[in-house]
Amino acid sequence: MRWIWIDKFIEFTPRTSATTVKNVSLAEEHLHDLYPDFPVVPHSLLVEGFAQTAGILVGEARNFAEKVILAKVSRATFHRLVRPGDTIHFIARVDQLSEQGASTSGTITCGGELVGEIEMMFSHIDQNMAGLEFPEHNFVFTEQFTELLKGYRAGGVVTI
Amino acid sequence: MALSRDEIYSKVQGVLVDALGVDEDDVTPTASLRADLGAESIDFLDITFRLEKAFTTDPTKPFKIPRGELFPEELNTEFVQEGKLTDAGLAEVHRRLPHADLAKLDQTRDSALIPDLFAVQDIVDYIQRKLGS
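A brief look at the structure comes next. Being a predicted model, the structure only gives us computed values, none of them experimental.

Some points on the interface of chain B and chain A
Bring the parts together and some accessible area is lost; that lost area is often taken as the interface size. Facing seven residues of chain B, the contacting portion of chain A comprises eleven residues. Here the side of chain B that touches chain A is composed, by residue class, of three nonpolar, one polar and three charged.

See the structure below:
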(Lines give C-alpha, C1' and ligand atoms only; values in the text may rest on other atoms or scores of the structure.)
Protein backbone atom coordinates (compact mmCIF):
# COMPACT_ATOMS: atom_id res chain seq x y z
CA MET A 1 0.00 0.00 0.00
CA ARG A 2 1.20 3.48 -0.80
CA TRP A 3 1.22 5.57 2.36
CA ILE A 4 -0.02 8.71 0.72
CA TRP A 5 -3.27 10.36 1.74
CA ILE A 6 -3.53 13.30 -0.63
CA ASP A 7 -4.32 13.20 -4.35
CA LYS A 8 -3.12 16.57 -5.62
CA PHE A 9 -2.28 20.16 -4.74
CA ILE A 10 -4.66 22.88 -5.88
CA GLU A 11 -2.89 25.79 -4.16
CA PHE A 12 0.67 26.28 -3.02
CA THR A 13 2.19 29.51 -1.76
CA PRO A 14 5.77 28.87 -0.58
CA ARG A 15 6.36 29.32 3.17
CA THR A 16 2.74 30.41 3.58
CA SER A 17 -0.07 28.00 2.66
CA ALA A 18 -1.11 24.95 0.69
CA THR A 19 -4.35 23.19 -0.16
CA THR A 20 -4.69 19.59 -1.27
CA VAL A 21 -7.56 17.40 -2.38
CA LYS A 22 -8.33 13.84 -1.36
CA ASN A 23 -11.08 11.82 -3.02
CA VAL A 24 -12.34 9.03 -0.78
CA SER A 25 -13.14 5.81 -2.61
CA LEU A 26 -14.99 2.81 -1.27
CA ALA A 27 -12.26 0.75 -2.90
CA GLU A 28 -9.81 1.83 -0.17
CA GLU A 29 -9.31 -1.18 2.08
CA HIS A 30 -8.95 0.74 5.33
CA LEU A 31 -12.55 1.95 5.06
CA HIS A 32 -13.76 -1.54 5.77
CA ASP A 33 -11.64 -2.10 8.85
CA LEU A 34 -12.88 0.38 11.46
CA TYR A 35 -16.65 -0.31 11.30
CA PRO A 36 -17.26 -3.01 8.64
CA ASP A 37 -20.91 -2.05 8.08
CA PHE A 38 -20.37 1.71 8.27
CA PRO A 39 -17.31 2.79 6.28
CA VAL A 40 -15.72 6.04 7.50
CA VAL A 41 -12.24 7.54 7.19
CA PRO A 42 -10.56 7.27 10.62
CA HIS A 43 -9.65 10.62 12.14
CA SER A 44 -6.05 9.45 12.45
CA LEU A 45 -5.82 9.23 8.64
CA LEU A 46 -7.34 12.69 8.27
CA VAL A 47 -4.59 13.92 10.58
CA GLU A 48 -2.06 12.09 8.39
CA GLY A 49 -3.43 13.72 5.22
CA PHE A 50 -3.16 17.14 6.81
CA ALA A 51 0.36 16.29 8.01
CA GLN A 52 1.42 15.34 4.48
CA THR A 53 0.04 18.62 3.11
CA ALA A 54 1.61 20.78 5.82
CA GLY A 55 4.81 18.70 5.89
CA ILE A 56 5.48 19.26 2.18
CA LEU A 57 4.80 22.97 2.71
CA VAL A 58 7.34 23.06 5.56
CA GLY A 59 9.88 20.98 3.64
CA GLU A 60 9.67 23.14 0.53
CA ALA A 61 10.33 26.25 2.61
CA ARG A 62 13.92 25.07 2.98
CA ASN A 63 14.18 23.37 -0.41
CA PHE A 64 13.70 19.91 1.11
CA ALA A 65 17.16 20.17 2.67
CA GLU A 66 15.82 19.20 6.10
CA LYS A 67 14.38 15.93 7.31
CA VAL A 68 10.97 17.15 8.41
CA ILE A 69 8.99 14.96 10.78
CA LEU A 70 5.64 15.41 12.46
CA ALA A 71 6.59 16.08 16.08
CA LYS A 72 3.41 17.10 17.83
CA VAL A 73 -0.32 17.33 17.17
CA SER A 74 -1.19 20.28 19.38
CA ARG A 75 -4.90 20.17 18.56
CA ALA A 76 -7.21 18.06 16.43
CA THR A 77 -10.94 18.74 16.67
CA PHE A 78 -13.43 16.99 14.41
CA HIS A 79 -16.99 18.04 13.62
CA ARG A 80 -18.28 15.48 11.12
CA LEU A 81 -17.45 12.15 9.50
CA VAL A 82 -15.85 11.60 6.11
CA ARG A 83 -17.35 8.79 4.06
CA PRO A 84 -16.85 7.10 0.67
CA GLY A 85 -17.59 9.44 -2.22
CA ASP A 86 -16.55 12.52 -0.27
CA THR A 87 -14.00 14.95 -1.66
CA ILE A 88 -12.06 16.61 1.13
CA HIS A 89 -9.69 19.55 1.18
CA PHE A 90 -6.71 19.87 3.50
CA ILE A 91 -5.97 23.59 3.96
CA ALA A 92 -2.67 24.20 5.77
CA ARG A 93 -0.71 27.33 6.63
CA VAL A 94 2.67 27.92 8.22
CA ASP A 95 2.33 29.99 11.38
CA GLN A 96 5.99 30.08 12.39
CA LEU A 97 9.15 28.71 10.86
CA SER A 98 12.66 28.51 12.27
CA GLU A 99 15.79 26.50 11.61
CA GLN A 100 14.61 23.99 14.22
CA GLY A 101 11.09 23.41 12.94
CA ALA A 102 7.70 24.91 12.23
CA SER A 103 4.23 25.31 13.65
CA THR A 104 1.29 24.92 11.28
CA SER A 105 -2.47 25.09 11.50
CA GLY A 106 -5.48 24.73 9.26
CA THR A 107 -8.71 23.00 8.47
CA ILE A 108 -10.17 19.99 6.72
CA THR A 109 -13.33 20.66 4.74
CA CYS A 110 -15.82 18.67 2.68
CA GLY A 111 -18.21 20.37 0.29
CA GLY A 112 -17.66 23.64 2.10
CA GLU A 113 -18.44 22.09 5.51
CA LEU A 114 -15.89 22.09 8.30
CA VAL A 115 -14.65 18.57 9.01
CA GLY A 116 -11.79 19.35 11.38
CA GLU A 117 -9.38 21.92 12.79
CA ILE A 118 -5.75 21.01 13.34
CA GLU A 119 -2.58 22.51 14.80
CA MET A 120 0.67 20.60 14.48
CA MET A 121 4.42 21.03 14.93
CA PHE A 122 7.15 19.77 12.65
CA SER A 123 10.75 19.25 13.65
CA HIS A 124 13.84 19.51 11.48
CA ILE A 125 15.38 16.47 13.11
CA ASP A 126 18.96 17.12 12.06
CA GLN A 127 18.73 20.44 13.90
CA ASN A 128 17.11 19.06 17.04
CA MET A 129 18.49 15.62 17.58
CA ALA A 130 22.21 16.04 17.09
CA GLY A 131 23.94 12.89 18.22
CA LEU A 132 21.14 10.56 17.19
CA GLU A 133 21.84 8.64 14.03
CA PHE A 134 19.67 9.16 10.98
CA PRO A 135 20.33 8.10 7.40
CA GLU A 136 22.30 10.61 5.34
CA HIS A 137 19.65 10.71 2.64
CA ASN A 138 16.37 12.53 3.18
CA PHE A 139 14.10 9.59 3.93
CA VAL A 140 11.07 11.81 4.60
CA PHE A 141 10.55 13.40 1.20
CA THR A 142 10.42 10.37 -1.00
CA GLU A 143 9.67 10.56 -4.69
CA GLN A 144 5.97 9.99 -4.02
CA PHE A 145 5.69 13.30 -2.21
CA THR A 146 7.95 15.45 -4.33
CA GLU A 147 6.21 14.26 -7.50
CA LEU A 148 2.91 15.59 -6.14
CA LEU A 149 4.34 19.08 -5.90
CA LYS A 150 6.02 18.82 -9.30
CA GLY A 151 2.63 17.89 -10.78
CA TYR A 152 1.08 21.03 -9.29
CA ARG A 153 3.86 23.26 -10.56
CA ALA A 154 3.52 21.81 -14.03
CA GLY A 155 -0.14 22.77 -13.98
CA GLY A 156 -1.17 19.20 -13.51
CA VAL A 157 0.22 18.23 -16.91
CA VAL A 158 2.34 15.12 -16.67
CA THR A 159 4.79 14.52 -19.49
CA ILE A 160 6.36 11.13 -20.04
CA MET B 1 3.59 50.76 28.11
CA ALA B 2 5.77 48.15 29.77
CA LEU B 3 4.08 45.02 31.06
CA SER B 4 4.12 44.33 34.79
CA ARG B 5 5.54 41.05 36.09
CA ASP B 6 2.00 39.87 36.87
CA GLU B 7 0.91 40.60 33.30
CA ILE B 8 3.93 38.75 31.92
CA TYR B 9 3.24 35.82 34.26
CA SER B 10 -0.39 35.65 33.14
CA LYS B 11 0.63 35.50 29.46
CA VAL B 12 3.30 32.86 30.16
CA GLN B 13 0.73 30.83 32.07
CA GLY B 14 -1.64 30.95 29.09
CA VAL B 15 1.12 29.86 26.72
CA LEU B 16 2.00 26.87 28.90
CA VAL B 17 -1.64 25.82 29.29
CA ASP B 18 -2.05 25.82 25.50
CA ALA B 19 1.31 24.24 24.68
CA LEU B 20 1.31 21.51 27.31
CA GLY B 21 -2.41 20.86 27.79
CA VAL B 22 -2.15 21.37 31.55
CA ASP B 23 -4.58 23.09 33.91
CA GLU B 24 -3.95 26.71 34.82
CA ASP B 25 -3.64 25.69 38.49
CA ASP B 26 -0.73 23.39 37.62
CA VAL B 27 1.31 26.31 36.25
CA THR B 28 2.89 27.71 39.40
CA PRO B 29 6.04 29.86 39.50
CA THR B 30 8.20 27.01 40.77
CA ALA B 31 6.74 24.26 38.57
CA SER B 32 9.43 22.52 36.52
CA LEU B 33 8.58 22.38 32.82
CA ARG B 34 9.67 18.78 32.51
CA ALA B 35 9.16 17.15 35.89
CA ASP B 36 5.94 18.92 36.89
CA LEU B 37 4.32 19.95 33.60
CA GLY B 38 5.48 17.02 31.46
CA ALA B 39 7.20 19.03 28.71
CA GLU B 40 9.06 17.00 26.10
CA SER B 41 11.78 18.22 23.77
CA ILE B 42 9.47 19.44 20.96
CA ASP B 43 7.40 21.34 23.53
CA PHE B 44 10.30 23.73 24.11
CA LEU B 45 10.13 24.82 20.46
CA ASP B 46 6.32 25.03 20.68
CA ILE B 47 6.60 27.22 23.80
CA THR B 48 9.17 29.43 22.09
CA PHE B 49 6.87 29.97 19.09
CA ARG B 50 3.86 30.70 21.31
CA LEU B 51 5.82 33.16 23.45
CA GLU B 52 6.94 35.01 20.33
CA LYS B 53 3.32 35.29 19.25
CA ALA B 54 1.99 36.23 22.71
CA PHE B 55 4.49 39.03 23.27
CA THR B 56 4.36 40.52 19.78
CA THR B 57 2.19 43.62 20.07
CA ASP B 58 3.41 45.37 16.93
CA PRO B 59 3.68 43.13 13.83
CA THR B 60 6.35 45.43 12.40
CA LYS B 61 8.50 44.74 15.49
CA PRO B 62 8.00 41.03 16.20
CA PHE B 63 9.14 39.69 19.56
CA LYS B 64 11.82 37.19 18.58
CA ILE B 65 13.60 34.64 20.76
CA PRO B 66 16.91 33.72 19.12
CA ARG B 67 17.88 30.05 19.20
CA GLY B 68 19.61 29.15 22.45
CA GLU B 69 18.71 32.36 24.22
CA LEU B 70 15.83 31.06 26.32
CA PHE B 71 16.13 27.32 26.84
CA PRO B 72 19.40 25.99 28.22
CA GLU B 73 19.07 22.70 26.33
CA GLU B 74 20.09 24.69 23.30
CA LEU B 75 23.36 25.97 24.79
CA ASN B 76 26.06 26.25 22.17
CA THR B 77 29.53 24.73 22.14
CA GLU B 78 30.97 27.63 24.09
CA PHE B 79 28.89 26.40 27.01
CA VAL B 80 28.66 22.63 26.46
CA GLN B 81 31.32 20.24 25.23
CA GLU B 82 30.73 16.48 25.05
CA GLY B 83 27.69 16.78 27.28
CA LYS B 84 29.51 18.61 30.07
CA LEU B 85 29.17 22.28 30.94
CA THR B 86 32.25 24.42 30.54
CA ASP B 87 33.08 27.06 33.18
CA ALA B 88 31.36 29.65 31.01
CA GLY B 89 28.36 27.33 30.59
CA LEU B 90 28.00 26.75 34.32
CA ALA B 91 28.16 30.50 34.96
CA GLU B 92 25.51 31.04 32.28
CA VAL B 93 23.16 28.50 33.86
CA HIS B 94 23.58 30.20 37.27
CA ARG B 95 22.73 33.50 35.62
CA ARG B 96 19.67 32.18 33.82
CA LEU B 97 18.27 29.99 36.58
CA PRO B 98 18.74 32.02 39.76
CA HIS B 99 15.89 30.21 41.56
CA ALA B 100 17.00 26.64 40.86
CA ASP B 101 18.90 24.25 43.16
CA LEU B 102 22.06 23.77 41.12
CA ALA B 103 24.12 21.73 43.62
CA LYS B 104 23.94 18.49 41.59
CA LEU B 105 24.68 20.33 38.37
CA ASP B 106 27.69 22.06 39.97
CA GLN B 107 28.98 18.64 40.97
CA THR B 108 28.39 16.68 37.76
CA ARG B 109 28.26 19.43 35.09
CA ASP B 110 25.93 17.07 33.19
CA SER B 111 24.06 19.26 30.67
CA ALA B 112 21.26 16.67 30.45
CA LEU B 113 20.13 17.79 33.91
CA ILE B 114 19.40 21.34 32.81
CA PRO B 115 15.94 20.94 31.24
CA ASP B 116 14.66 19.42 34.50
CA LEU B 117 15.71 22.55 36.38
CA PHE B 118 13.92 25.02 34.17
CA ALA B 119 10.81 26.42 35.90
CA VAL B 120 7.95 28.72 34.98
CA GLN B 121 9.45 31.70 36.83
CA ASP B 122 12.62 31.37 34.73
CA ILE B 123 10.58 32.07 31.60
CA VAL B 124 8.97 35.06 33.31
CA ASP B 125 12.43 36.33 34.35
CA TYR B 126 13.68 35.98 30.79
CA ILE B 127 10.71 37.79 29.26
CA GLN B 128 10.94 40.55 31.85
CA ARG B 129 14.66 41.03 31.14
CA LYS B 130 14.09 41.00 27.40
CA LEU B 131 11.23 43.50 27.53
CA GLY B 132 13.19 45.66 29.94
CA SER B 133 10.18 45.97 32.17
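Regarding helix H3 (residues 87-96) of chain B
Residue and element names in this part refer to chain B. For H3, every residue scored as buried is listed here: Gly 89, Val 93 and Arg 96. Buried residues of H3 fall within an arc of 70° about the axis and therefore sit on the same side. Residues of H3 that are exposed and point over 90 degrees away from its buried face: Asp 87, Ala 88, Ala 91 and Arg 95. Each element contacted by the buried residues of H3 is listed here: strand S1 (80-81), strand S2 (84-85), helix H4 (103-108), helix H5 (114-117) and helix H6 (120-131).

Side note on the packing of helix H1 (residues 5-20) of chain B against helix H2 (residues 41-54) of chain B
All names here are of chain B. Axis separation between H1 and H2 bottoms out at 9 Å; the angle between their running directions is 140°. By the angle between their axes, H1 is oblique relative to H2. Remark: the crossing between H1 and H2 carries right-handed chirality. Taking contact as the criterion, the partners of Lys 11, Gly 14, Val 15, Leu 16, Asp 18, Ala 19 and Leu 20 in H1 are, on H2, Asp 43, Asp 46, Ile 47, Arg 50, Leu 51 and Ala 54. Here the contact of H1 with H2 is built from residues that sort into seven nonpolar, one polar and five charged.

Description of the packing of H1 of chain B against H6 of chain B
Residues and elements named next belong to chain B. At a closest axis distance of 9 Å, the pairing of H1 and H6 adopts a crossing angle of 125°. Considering their axes alone, H1 and H6 lie oblique with respect to each other. The handedness of the crossing between H1 and H6 is right-handed. Taken together, the residues of H6 that come into contact with H1 (itself represented by Arg 5, Ile 8, Tyr 9, Val 12 and Leu 16) are Val 120, Ile 123, Val 124, Ile 127 and Gln 128. Among the residues making up the contact of H1 with H6, the classes are represented as eight nonpolar, one polar and one charged.

A closer look at unusual backbone geometry
Residues and elements named next belong to chain A. One non-glycine residue with positive phi stands out, namely Arg 15, at about 65°. Mapped onto the elements, Arg 15 comes out in the loop between strand S1 (8-13) and strand S2 (17-23). Positive phi, close to 55°, is recorded for Asn 63, a residue that is not glycine. As for its position among the elements, Asn 63 is in the loop between helix H1 (43-61) and strand S3 (68-78).

Each value, and the rule that gives it
- Residues numbered from 1 in each chain as written.
- Chains lettered and ligands numbered in written order.
- Predicted model: local features only at pLDDT ≥ 70, side-chain atom pairs only at ≥ 80, totals over all residues.
- Contact = placed C-beta atoms within 7 Å.
- Nonpolar A, V, L, I, M, F, W, Y, C, P; charged D, E, K, R; others polar.
- Buried ≥ 20, exposed ≤ 12 C-beta atoms within 10 Å, placed from the backbone.
- Helix = DSSP H or I, 4+ residues; strand = E, 2+ residues; numbered from the N terminus.
- Arc of directions from axis to C-beta.
- Axes fitted to C-alpha atoms, helices over the stretch in contact; angles between N-to-C directions.
- Parallel < 35°, antiparallel > 145°, perpendicular 65-115°, else oblique.
- Left-handed = near helix turned anticlockwise from the far one by under 90°.

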